[in-house]
Structures are given as structure tokens and as C-alpha cells.
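# Breakdown of the fold
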Amino acid sequence: MTIAILTPILPIFHPAPLILHPPFVPSHRQAHPDTGTLRVRITSSVTHCGNNKIQSSHSPRPLRITPRSRHLERDPGQSPAMSSATANGSTASGLKFLIYGRTGWIGGLLGQLCAGSGIPYEYGSGRLENRASLEADLEAVRPTHVFNAAGVTGRPNVDWCETHRVETIRANVAGTLTLADVCRSKGLVLINYATGCIFEYDEKHPEGSGIGFKEEDTPNFIGSFYSKTKAMVEDLLKNYENVCTLRVRMPISSDLSNPRNFITKITRYEKVVNIPNSMTILDELLPISIEMAKRNLTGIFNFTNPGVVSHNEILEMYRDYIDPNFTWKNFTLEEQAKVIVAPRSNNELDTTKLKTEFPELLPIKESLIKYVFEPNKKTSSA
Ligand SMILES: NC(=O)c1ccc[n+]([C@@H]2O[C@H](COP(=O)([O-])OP(=O)(O)OC[C@H]3O[C@@H](n4cnc5c(N)ncnc54)[C@H](OP(=O)(O)O)[C@@H]3O)[C@@H](O)[C@H]2O)c1
């Protein structure tokens, strides 16, 4: 089996607005240097939260991706579950995704992306905290990769989690860990949409300094119960070598009518704070997360565009591209604290690791213009 055989079945990676349904193509594959077999292993060391990237190796206890199924496979004897798990993936692309979060924002977009790029996928019907239901999903779907966009985010916002602590733990901690554990037992990579709202600017990472928090930094923001549980589960997930943790922040999409969209939120607030933050342009980054699955990347990734953008800078773009009459009022963090229950995190994440893997990743302000404001442009002046 040579790497050339893979080429026709793997589409080209080229992030584009979600509405365009881009084709995807991995730019990077790991082939065994001698045999051409895609031979990989999940590193067992988790002493730091760097990229536990599955890598080409002759090491003991290897996992393998077969070109046809692109499915992780353990050596005989390591896990009895492996043999059934590798007898799947009989799709033309060799991929089959199982996605959790059908009714959610990110889960819904993921399904659209898969449909648009011809990747077979199904949504999980199980509840995260119910191990038997997850095992039944895996048995029925026989995926090559699992995506977790399920979790409790609170309605209307994360303040809900302050008063629904057990429900939050059940889904975001017990549930996420159960899914990671079930996937591990089947040798499956789990792409887990997590949060970067577990950091706040501090003396070593001051606002405006350009010094962002790295993947290996210990979370320093537990001001809200939501963030606290997300930081806890991220720490525990470091022990799962099959998990790719994506730290999403203040997600933005080109759908400006979606009330979950950060831009939509701040244009509807009566008053907004004005703080630079790392943010995630979903139109650019969700296709990248699919590519990360294809590359079987694991470990923690700061999953934002490089750099920061402030609330006012976004609102200025909104005024310039969408509504020339748009105005807004700012208020201070202290004033904001009076209208919310739990504090919110503000930070910059260091995206060197993601950018090294995906050099084409755009800085946040360029991505905003390319993926959000240009496609929605309503003014002639911008
Ligand atoms: N949106 C953001 O601002 C943001 C920012 C950073 C990170 N994230 C993270 O990204 C992930 C997805 O976010 P999102 O905005 O797409 O969330 P969302 O719109 O609130 O959707 C959450 C999804 O999770 C499902 N769900 C909740 N509890 C579940 C459980 N116990 N078992 C199975 N499914 C369950 C919900 O289905 P049901 O309706 O059936 O319960 C829904 O489909 C979350 O983990 C979130 O923490 C989001």
C-alpha cells in the first residue's frame, strides 16, 4: 500500500465560508517510512498538554490507520474492541463521522459541512452521560471519528449553569469523560469542542501585550461555574490520548441572524464592554477541525484565530459593512458585573501551535472581514 493510493480518496483542504461547502484535503499524512502503511501511535505521556499527536512510529503498542477506513487500530491483544471497530468505514472516502450536538449551533454547522463536502456522517442519539447509549451509537454507526459538540452552555447564557450545577456537571464533566472513555475503548479519535474561557488576563499575560496563554498553561479563570467545570474536564481529558481538545472562544459565524453569534449578541446588547479577546471564526475553523480529524491530531489546541479583536473594533466593522446608522454604548467591567451573575473571561490565546499545523490560518481581523463582513456587506462605503 503506498501513499499514492490514498490521494484519490482524500479531498483537498481549503477552508471557505460554510455556505460554500468547500472540499477538504489533508496536506499531511503519516505513512510508515518502510511499508507505506499509515502507522500511528497515540503517545501515552501526558506530562504536558502539548500535542499528543498521533505520530509515525515503530514504538510498542502502536495504533494504525488503515488507508481504507482511516480508522485507528490497535495491535492484536491490546484491546478486544479494536477488531470490531476496524471492520467498518466502508464508505468511498473511508471516513464516517459520528457527531454529538445535532440540535446545537456548532453540531448543526458540522453536519452542514459534512453534507456539503460529501463526508458520510450521522448524529448520535445517545446522551453523553449514558454510557450504554453511546456504545449503542458506536455500534450502529461504526464511525471512523467522533465529534463532540454537545454540552450544556446555558440559556439564555452561561449564568444558567450557576443555578443548575448538577446538570452542568452531568453533561460537561461526567458526559464528556464518558464519551472520551467509550471512544478510547474503541480506538477512536474524539474531536472535542471545548472552551478557551478558562483563562483571564494576568500579570504574565497582560491585556494588549500580545502574550497569549499557551496550550500547556494552567487555567486561571474559574469565575463562573461553567468555566470551572470546563477547566476541570480539560485537565482530566489530558489523560485520554485519543482526545483532541479544541479551545473555542466567543464563536462567530457568517450567519448574523443567529442569536448565539458573538456579533449578533453584542449588536443587541444595550451596552457593551470594550476588551480585546481571542475569538473563533467558525466558517474558517470548523473546516479545520474536520481536517484535524483526518490528520488524527490529538492533544489541546487553542482553537481561535491569531491575535485579538475588541468589541468596539467589531462594532465599527458592523457599522461600516452592515448598518451605517448603527450606534452603541460602552460600559465598564464593573458596570457589566451588575447585569450578569457570573464574571466572564477575557483573554488572548497563543495560536502558534494551530498556526504551525495550518499556516494558512488568518489573523482574526482578516478572517472577520473575509468570512463574515464581506459576504454580508450591505453598505457601499466599506
Ligand atoms: N457557543 C459558545 O459561545 C461556545 C463558546 C466556547 C465553547 N463552546 C462549546 O462548544 C460546544 C458546542 O457549543 P454550542 O454553542 O454549539 O452549544 P449549543 O448550541 O448549546 O448546543 C448544545 C448541544 O448539546 C446537546 N446536549 C446537551 N446536553 C447533552 C447531553 N447530556 N447529552 C447529549 N447531548 C447534549 C444539546 O442537545 P439537547 O438540546 O438535546 O440537549 C445541543 O444539541 C459546547 O461544549 C460549548 O461549551 C461554545
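Residues numbered from 1 in each chain as written. Predicted model: local features only at pLDDT ≥ 70, side-chain atom pairs only at ≥ 80, totals over all residues.

### Quick look at the overall build of the chain
- For the chain, the count of helices and strands is 13 helices and ten strands.
- Looking at the chain alone, contacts between residues at least 24 apart form 76% of all its contacts between residues at least 6 apart. (Helix = DSSP H or I, 4+ residues; strand = E, 2+ residues; numbered from the N terminus. Contact = placed C-beta atoms within 7 Å.)

### Re the site of the ligand
- With respect to spatial proximity, 24 residues lie near the ligand, and among them Gly 104, Ile 106, Ala 150, Gly 151 and Ala 171 are the closest.
- Going through the elements one at a time, helix H3 (105–117), helix H6 (165–185) and strand S8 (189–195) are the ones with two or more residues in the shell around the ligand.
- Ranked by residues supplied to the shell around the ligand, first place goes to H3 with three residues.
- Considering only residue class, the shell around the ligand consists of eleven nonpolar, eight polar and five charged. (Near = placed C-beta within 6 Å. Nonpolar A, V, L, I, M, F, W, Y, C, P; charged D, E, K, R; others polar.)

### Some words on the confidence of the model for the chain
- Of the residues in the chain, 76% have a pLDDT of 70 or more, and the chain-wide mean is 81.
- Predicted confidence is poor over residues 1–90, with pLDDT under 50, and the contacts of this stretch with residues over four places away or in other chains come to 184 contacts. (pLDDT = per-residue confidence, 0-100.)

### Side note on the environment of Glu 122
- Looking at where Glu 122 falls in the secondary structure, it is placed in strand S6 (residues 121–123).
- Spatially, the C-alpha atom of Glu 122 lies 10.0 Å from that of Ala 140, the residues being 18 residues apart in sequence.
- If near-sequence neighbours (up to four positions away) are discounted, Glu 122 is found in contact with Leu 98 and Val 141.

### Focus on the sheet that holds strand S7 (residues 145–148)
- If you walk across this open sheet you meet the six strands as S6-S5-S7-S8-S9-S10, and the pairing is parallel. For this open sheet the edge positions go to S6 and strand S10 (299–302), each flanked by a neighbour on one side alone. The mean inter-strand angle of the sheet, taken between neighbouring strand axes irrespective of direction, is 20°.
- Of the pairings in the sheet, the one linking strand S5 (residues 97–100) to S6 comprises three bridges and is parallel in character. Counterpart to Leu 98 in the pairing with S6 is Glu 122.
- Contacting S5, S7, S8 and strand S9 (243–248), H6 crosses the sheet at an angle of about 160° to S8. (Pairing = 2+ DSSP bridges. Axes fitted to C-alpha atoms, helices over the stretch in contact; angles between N-to-C directions.)

### A short note on unusual backbone geometry
- A cis amide bond links Arg 155 with the next residue in sequence, Pro 156, at an omega value of 5°.
- When you line up the elements, Pro 156 lands in the loop between S7 and helix H5 (159–163).
- In this model, Arg 142 sits at a positive phi of 50°, which is unusual for a non-glycine residue.
- What makes Arg 142 buried here is the crowd of 20 C-beta atoms within 10 Å. (Buried ≥ 20, exposed ≤ 12 C-beta atoms within 10 Å, placed from the backbone.)

### Topic: the packing of H3 against helix H9 (residues 282–294)
- For the pair H3 and H9, interaxial distance at closest approach is 10 Å and the crossing angle is 70°. When the interaxial angle is binned, H3 and H9 end up roughly perpendicular. Crossing handedness for the pair H3 and H9: right-handed. For the pair H3 and H9, the contacting residues are Leu 109, Leu 110 and Leu 113 in the first and Leu 282, Leu 286, Pro 287 and Ile 290 in the second.
- Its residues placed into classes, the contact of H3 with H9 shows seven nonpolar, no polar and no charged. (Parallel < 35°, antiparallel > 145°, perpendicular 65-115°, else oblique. Left-handed = near helix turned anticlockwise from the far one by under 90°.)

### Focus: H9
- When the terminal C-alpha atoms of H9 are compared, their 18 Å separation across 13 residues agrees well with the 18 Å that a helix rising 1.5 Å per residue should span.
- H9 sits mainly inside the fold: twelve of its 13 residues count as buried.
- Of the surrounding secondary structure, the elements contacted by the buried residues of H9 are H3, S7, S8, S9 and helix H13 (364–376).
- Immediately downstream of H9, the backbone of Asn 296 shows phi near 55°, a positive value. (Expected span 1.5 Å × (residues − 1).)

### Description of the nonpolar core
- Counting residues in hydrophobic clusters, the biggest one holds 74 residues, and the most contacted among them are Leu 110, Leu 190 and Cys 244.
- In this view, Cys 244 contacts Val 189, Leu 190, Ile 191, Asn 192, Met 292, Leu 297, Thr 298, Gly 299 and Phe 301; residues no more than four positions away in its chain are not counted.
- Ranked by size, the runner-up nonpolar core spans six residues in total, among them Cys 197, Ile 198, Phe 221 and Leu 349. (Core = buried A, V, L, I, M, F, W, Y, C linked by C-beta atoms within 7 Å.)

### So, the pairing of S8
- A large share of S8 lies buried, amounting to seven of its seven residues.
- Side chains Val 189, Ile 191, Tyr 193 and Thr 195 project from S8 onto one buried face, and the interleaved Leu 190, Asn 192 and Ala 194 project onto a second face that is buried too.
- Bridge count for S7 against S8 is four bridges, and the pairing is parallel. The partner of Val 146 across the bridge, within S8, is Leu 190.
- In this sheet, S9 lies alongside S8 in parallel orientation, the contact comprising six bridges. The residue bridging Tyr 193 from the neighbouring strand is Leu 246, located in S9.
- A crossover links S8 with its parallel partner S9, the connecting element being helix H7 (residues 225–237), and its sense is right-handed. (Right-handed = clockwise from strand over helix to strand, strands pointing away.)

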